[in-house]
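# Remarks on the overall topology
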Amino acid sequence: MTALTIEQKRKEAVAILLKNMETTASDMRALIVGMPPKDLLGYIYAQRLMKMMAGSGANSAERDTDGPDDTINEIQFLLEYVHAVLSSDAAPGEVEFDEAQCAELFALSRKLKEQAMFFAMASSADTENEDFGPDTADIEFHAKSTWVLLRGNRYQVLEGEFYRYVLSPHDDVLKEVYGVGATEIAECFQDMANATRTGQANAIEEIMKQFEAAKGFAAEQEKPLEEAMEAWLAANVDQSKAAGLSMDDMLRGGIANVSRHTKLPPDLLADLAYQRGEETEFFAEGDFSGTPYRTLPARKKPLIQLGSDYYAVDPCFTRDAGYRALLFNLLQRKPGYKKSFEDRQKIMSEGAFPDILADQLAGATVYKEVYYKDSVTIQWSENDLIVLIDDVLYLIEAKAGAAATIASPALDFKRHAQSVQDLVLKAYRQCERFFDYLNSAGEVPLCNRVNGKYEVCGRVRRSDYRVMVPIGLTVESFSPFSTFCKDLPQIKPLLGKHNFVSMSIDDLFVLKRILPTPGVFAHYMEVRQAVAGMRRAHLFDEFDHLGAYITKNRFDQDITDQFRDGKANLVVWNGMSDVVDKSFEGENWEANPMPTQEFPDKVLKLLGALDTTRTPGWLSAESLIRNYGEQARKDLAKLLSDLGETIEHHPARYFAFSGDGQPLFVWMQSSEHEVEWEKINDKASAVALCTESPDVVGVLIEVGAGGVYEKARCFKAYAPSERSEQNARIFDDAKRMGQRTRTVNPPRGVDTPKPRHTRKIGRNEPCPCGSGIKYKKCHGS
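Note that the coordinates shown come from a computational prediction; the quantities given were computed from them, not determined experimentally.

## Structural notes on the overall build of the protein
The helix and strand inventory of the protein stands at 28 helices and 17 strands. Counting every position in the protein, which comprises 781 residues, the buried fraction comes to 52%. By sequence separation, contacts in the protein at least 24 residues apart represent 72% of the contacts at least 6 residues apart. Just so you have it, the protein exposes about 35,300 Å², and 49% of that area is on carbon and sulfur atoms.

## Points about the pattern of salt bridges
Tallied over the entire structure, the rule returns 40 salt bridges. Between E630 and K634 there is a salt bridge, with its nearest N and O atoms 3.5 Å apart. You can see E630 and its partner K634 sitting in helix α26 (residues 630-644), four residues apart, about one turn around the helix. According to the relative accessible area criterion, E630 is exposed, its value standing at 59%. For K634, a relative accessible area of 43% puts it in the partly exposed group. Taken together, the shared-partner salt bridges in this structure form one network comprising E161, K512 and R513.

## Side note on the sheet that holds strand β2 (residues 303-306)
Pairing is mixed across the open sheet formed by three strands, whose spatial order is β1-β2-β3. The outermost strands of the open sheet, each flanked by one partner alone, are β1 (273-274) and β3 (309-311). Of the strand pairs in this sheet, β1 and β2 are connected by two bridges, and their pairing is parallel. Counted as the bridge partner of Y274 is I304 from β2.

## Quick word on the packing of aromatic side chains
For the structure shown, the criterion picks out 34 aromatic pairs. When the centroid spacing of 5.3 Å and the interplanar angle of 70° are considered together, the rings of Y524 and Y549 count as edge-to-face. Of this pair, Y524 sits in helix α20 (residues 518-532) while Y549 sits in helix α21 (residues 542-552); the two residues are 25 residues apart in sequence, bridging distant segments of the chain. Judged by relative accessible area, which is 0%, Y524 ranks as buried. Cluster of aromatic residues (ring-pair linked, three or more members): Y654, F665, W667, W677 and F715. The ring of Y709 carries the charged tip of K605 above its face, separated from the ring centre by 4.3 Å.

## Some thoughts on the side chain of S577
Along the polypeptide, S577 turns up in the loop between β12 (571-573) and α23 (578-581). Every residue in contact with S577, bar those within four places of it in the chain, is listed here: Y155, F543 and D544.

## With respect to the pairing of strand β8 (residues 453-460)
As paired strands, strand β7 (residues 444-450) and β8 are joined by seven bridges and run antiparallel to one another. Across the sheet, the residue bridging to N448 is E455, located in β8. Here β7 folds back onto β8 in antiparallel fashion, the turn holding two residues, of which N451 has a positive phi close to 55°.

## Let's talk about the nonpolar core
Of all hydrophobic cores here, the largest spans 118 residues; its most connected members are L167, F353, Y394 and L664. Other than its neighbours up to four places away in sequence, Y394 contacts F353, L361, L385, I386, V387, I389, V469, I471, F521, A522 and M525. Membership of the second largest hydrophobic core comes to 48 residues, among which are Y43, F119, V148 and L306.

Conventions and cut-offs
Residues numbered from 1 in each chain as written. Predicted model: local features only at pLDDT ≥ 70, side-chain atom pairs only at ≥ 80, totals over all residues. Heavy atoms only, no water. Helix = DSSP H or I, 4+ residues; strand = E, 2+ residues; numbered from the N terminus. Buried < 20%, exposed > 50% of the residue type's maximum accessible area, 1.4 Å probe, protein only. Contact = heavy atoms within 4.5 Å. Areas by Shrake-Rupley, 256 points an atom, 1.4 Å probe, with all protein chains shown as cover. Salt bridge = Lys/Arg side-chain N within 4 Å of Asp/Glu carboxyl O. Pairing = 2+ DSSP bridges. Phe/Tyr/Trp six-rings, centres within 6.5 Å; stacked < 30°, edge-to-face > 60°. Lys NZ or Arg CZ within 6 Å of the ring centre and 35° of its normal. Core = buried A, V, L, I, M, F, W, Y, C linked by side-chain atoms within 4.5 Å.

This is the structure in structure tokens:
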């Protein structure tokens, strides 16, 4: 058998799979169009409710051990097809609900989904596209399977927050065109999400409430409930109406009725909705007719008009499709707004990173629309945003990302991939250009453009930044490409060490809740950046990365171990977002604590003091401490506790802690005494010599009454390269340390520090900690 024959057989198999998908889709279409849409929706949503109730029952844990149950995703997949058929077919004259046909429809839906997955595997294996290098086949498969399987990887409780932010630049025009502004529209989208999320539970509660009221009425009348019901209904018109609407929510898809559950104006609803039979492309003749590999109508307009009301049949595409459809129709209704619209969108997207992450970037220096002369072309170039906080630099390039969610990977994978590459590679190249510029001199100027002229607004030295993170930021998520694009052959670490990261504004709303401080956010970004440089290590989206960080901390090291010694050539981590997903579930999700890594109280106390004091280098100290594993954190806490208990008797104590890597030098002393920087630096330098480290991160903790850490100042000490008369004491001290048998030095007392009554250090003098920075900008703050 020749290779050509094998290739032909594979192509024949792909063609058969395609034909089978088209046949199954056609059968589904016939069943859907022949049934009353509201009754069908009611049946599907009832199945969804029963599955959710069963999943929370007594045997749910037992079922979980048997493997994941995909029923909810199957129901979501079917709802998208209901939307597609209703959008594509006019309402027939006669329809009839048939439960047996509903069961058949569920079976066909599962069959179509399975066929689509087989097609993804078969059609990707022999791809001729090479845009992603040798990994293109794997990535094409992931893209196709994701297109079919991924349903609403969003947190419904955050819908309103997202819409409020992204629509706020257009508030005045929204009010002019639709009569409502960004805040009102955002509230309505949240109401829409809430109706799907909790509508059935609320309906059951309302029905039970009215049932109990009717029973009480019957008891007062001393009549059977059946006889008293008519009188109760007559006497309680509003309550009976509420019960009727609740029945509609439970049995006839009423939870999807956007007209009833939101206050969106009719014009806006019409712009977001299909009329029956309006869609002409999804079931049109040709390859992939009616299959999941055509663009589902819900991706373009999420609503459907049924009678006089509008329905969100498919709740999971509502955010992205609704956002795009709204802005598209806003411009259709007011075409003269296009230039202002683009300007406002640019300002919003470029400012999103520091706006949304205000707490994580508190005190940061932010440069917007930065210009500089390209070190190669000597032409003026521009970057969107530079954020400088302590020794961390974030460079953000914002791009729009709608095309990647509209173009099907099966119809034209090259176009689908190209739309994503345009987003990623353009942002990457802009970041690359700036990093090259930053590397072109010891210090480089940054400029703003003012009235056509370039004016210096700041200066930056690469040597000041321990961590530099280039980020491509989009409004909408385009997972999994945003994480897979690291496998593009063009994507390499900038300056040989700084990996490029793709994120979305969508992601930031979750990150800000889970990572509340500058220290934990910066540490996550360090780990995230490390994984961004690992080719063939795949996590689906940002929330999988976040979940892996919460549960594993330095999960980049775990992945490295999996690749070590050729044990694996592809590593895929699935389901890591579970710990994050659970945080946004339940009625009282906002009151529940967000997931976090475990730290002993004493270590949390130290991290809190570092964050409060924020002397230069504090993020490096936090990073070092956060790198520690569970046992190292406990060991550090024990040392802090033991020393803290003796501060009253030994006003200054110190220890060197090796932990899991670079040494940490900790000096604790009473806040009532003066800081003797020379003594502290000598001791820390001796630790560096003893541990054969070029430098050590030091933390000076000033302990107040009751053991309170009033301040935690970070500093860096260096090992002297050669012995001299001036530093002989340091070498001698290091030798004594080296003679000790314990890895971690026991707590040591030092001479009682002098009270605070010596000469005050001038704010413009060099800081006595040895940093070389002026005292006012270092430990004088």
